[in-house]
Every structure is written in C-alpha cells, then in structure tokens.
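Chain by chain, the residues run as shown.
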Amino acid sequence: MVDKHKGLAASKKQNLDLPINAESYENERFEKLSKTYAVSAKLLGKKKITHQQIIAAVKAGIRTESILILEKEFDSTQKEISTILNISASTMARRFKAGFLNMAESGRVFRLARLKERALGMTLGDNQAAISWLRAPQEIFKNESPLEHAATELGAGDVDDLIGRIQYGVFS
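Residues numbered from 1 in each chain as written. Predicted model: local features only at pLDDT ≥ 70, side-chain atom pairs only at ≥ 80, totals over all residues. Heavy atoms only, no water.

It is worth spelling out the side chain of Arg108 at this point. Within the secondary structure, Arg108 sits in helix H8 (residues 103-122). Buried within the structure, Arg108 lacks any salt-bridge partner; its nearest side chain of opposite charge belongs to Glu105, at an N-O separation of 4.6 Å. Excluding residues within four positions of it along the chain, Arg108 makes contact with Leu85, Asn86 and Ile87. (Helix = DSSP H or I, 4+ residues; strand = E, 2+ residues; numbered from the N terminus. Buried < 20%, exposed > 50% of the residue type's maximum accessible area, 1.4 Å probe, protein only. Lys, Arg positive; Asp, Glu negative; His and termini not counted. Salt bridge = Lys/Arg side-chain N within 4 Å of Asp/Glu carboxyl O. Contact = heavy atoms within 4.5 Å.)

Structure below.
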C-alpha cells in the first residue's frame, strides 16, 4: 500500500529543492510593479518601469515634459504643479529651456507620481475619484488637500500613510 502523505511530502520537498529562477522572479515582480508604477512610467515615456529605473532616472534628471504629464495626471495647471513641487516660475522657465530637471526636482516629480499611483490603488483605478480625493480638503491635514499637504517629503509621507489606513480600514 502506498502512503499518500509520504508522496505529498516528497513532492513538496522536490519543489523546495528546485533552484529559484531569478529571471522568472524578476519578470513576475516587473509585471506587478508595472501596474504600480503606471504614472511613473508615463513620465519617462514608457509603458512599464522598475523601481531601479526610477532611481536611475531621478539621479540623471528627467525631461521637463514630465511636468506637462503631471498637469494632465492631476487635471492641473503648470503653476499649481510647480507650487507643489516647490519650483519657482523663473526656475521652471530655465528648466524648460534646458530640457531637464535636476535630481532634487526629479525626485519631487516622482513623489507626486507615486501619490497619484497610490490614490489610484485606493480608488480601485478610478482616475477621476483619485484626482477628486487628492484635491479635496482633509480635516486630518488641517483642511489642506492631500496634494497641497504633499508639498514636502514629510507631508507626502502623511498622505501615503492616510491612503494606507483608508485601504486597510484603519480608523484615524
């Protein structure tokens, strides 16, 4: 008589002994992140992007066209986006003439893109709902909108935390 449990244990052990296929792991991770980083990918004119590619782009400085993409993503004006990014009008004009943002400015652009991506996740992909929520004053932020509150790194962290609490049903 064959022991069914022994056969199951042997098959589990066999699966554990298989080497991890790094390429398939990276492909699976890339597919998950491509959905997570959809707005960030748009900023670089790509359909899919990895976390490491975002870091490299920030270090190199991204093209100023990314500001125009953010305007569309947030249904906003250049003035509003530049205020949230803490880039003055004269600096913005110089950046558009040069064609690139510096590393710090690029990081702030991706910070906003990440908040939009998180808001999209919270609203189950409803773009208009995500934009509305990001623009609506929140009592927890002393009646600032999440977009306004995200003008600093710490404020963006607060917004990210609030989104997480909303997604997981944690009351504030």
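Before going further, it helps to spend a moment on the environment of Ser76. On the secondary structure map, Ser76 appears in the loop between helix H5 (65-73) and helix H6 (78-84). Judged by relative accessible area, Ser76 falls into the buried class, the value being 15%. Each C-alpha atom of the pair Ser76 and Ile131 lies 9.6 Å from the other, and the pair is 55 residues apart in sequence. Sequence-distant contacts of Ser76, defined by excluding residues within four places in its chain, comprise Glu71, Ile81 and Arg135. Polar side-chain contacts of Ser76 include one of 2.5 Å to the side chain of Glu80. Of note is the side chain of Ser76, whose polar atom sits 3.5 Å from the side chain of Arg135. (Polar contact = N/O pair within 3.5 Å; in protein donor to acceptor, adjacent residues only side chain to side chain.)

It is the contact of helix H4 (residues 51-60) with H8, at a shortest axis distance of 7 Å, that shows an interaxial angle of 140°. By the angle between their directions, the pair H4 and H8 is classed as oblique. Contacts from Ile54, Ala57, Val58 and Lys59 of H4 reach H8 at Met103, Ser106, Gly107 and Phe110. Counted by class, the contact of H4 with H8 contains five nonpolar, two polar and one charged residues. (Axes fitted to C-alpha atoms, helices over the stretch in contact; angles between N-to-C directions. Parallel < 35°, antiparallel > 145°, perpendicular 65-115°, else oblique. Nonpolar A, V, L, I, M, F, W, Y, C, P; charged D, E, K, R; others polar.)

The next point concerns the packing of aromatic side chains. Counted according to the given criterion, the structure contains zero aromatic pairs. The positively charged end of Lys116 is found above the aromatic ring belonging to Phe74, 5.8 Å away from the centroid. (Phe/Tyr/Trp six-rings, centres within 6.5 Å; stacked < 30°, edge-to-face > 60°. Lys NZ or Arg CZ within 6 Å of the ring centre and 35° of its normal.)

All right, on to the environment of Lys42 then. By the element assignment, Lys42 lies in helix H3 (residues 38-43). Sequence separation between Lys42 and Ser66 is 24 residues, and the spatial gap between their C-alpha atoms is 8.1 Å. In this structure, Lys42 is in contact with Ile69 and Glu73, ignoring residues within four places of it in sequence.

All right, on to H4 then. Of the positions making up H4, those classed as buried are Ile54, Ala57 and Val58. The buried residues of H4 occupy one face: seen down the axis, they fall within an arc of 100°. Away from its buried face by more than 90 degrees, H4 exposes Gln52, Lys59 and Ala60. Contacts from the buried residues of H4 go to H3 and H8. Just downstream of H4, Gly61 is the residue with a positive phi angle, here 90°. (Arc of directions from axis to C-beta.)

This part takes up the nonpolar core. Nonpolar side chains in soluble globular proteins tend to be buried together. One finds Leu70, Leu85, Val109 and Leu112 to be the most contacted residues of the largest nonpolar core, which totals 36 residues. Contributions of two or more residues to this core are made by H3, H4, H5, H6, H8, helix H9 (127-135) and helix H11 (153-167). A per-element tally of this core places H8 first, with eight residues. Those residues in contact with Leu112 that sit more than four places away from it in its chain are Leu70, Phe74, Ile84, Leu85, Leu147 and Ala150. (Core = buried A, V, L, I, M, F, W, Y, C linked by side-chain atoms within 4.5 Å.)

Everything listed is a geometric property; what it means functionally is a separate question.
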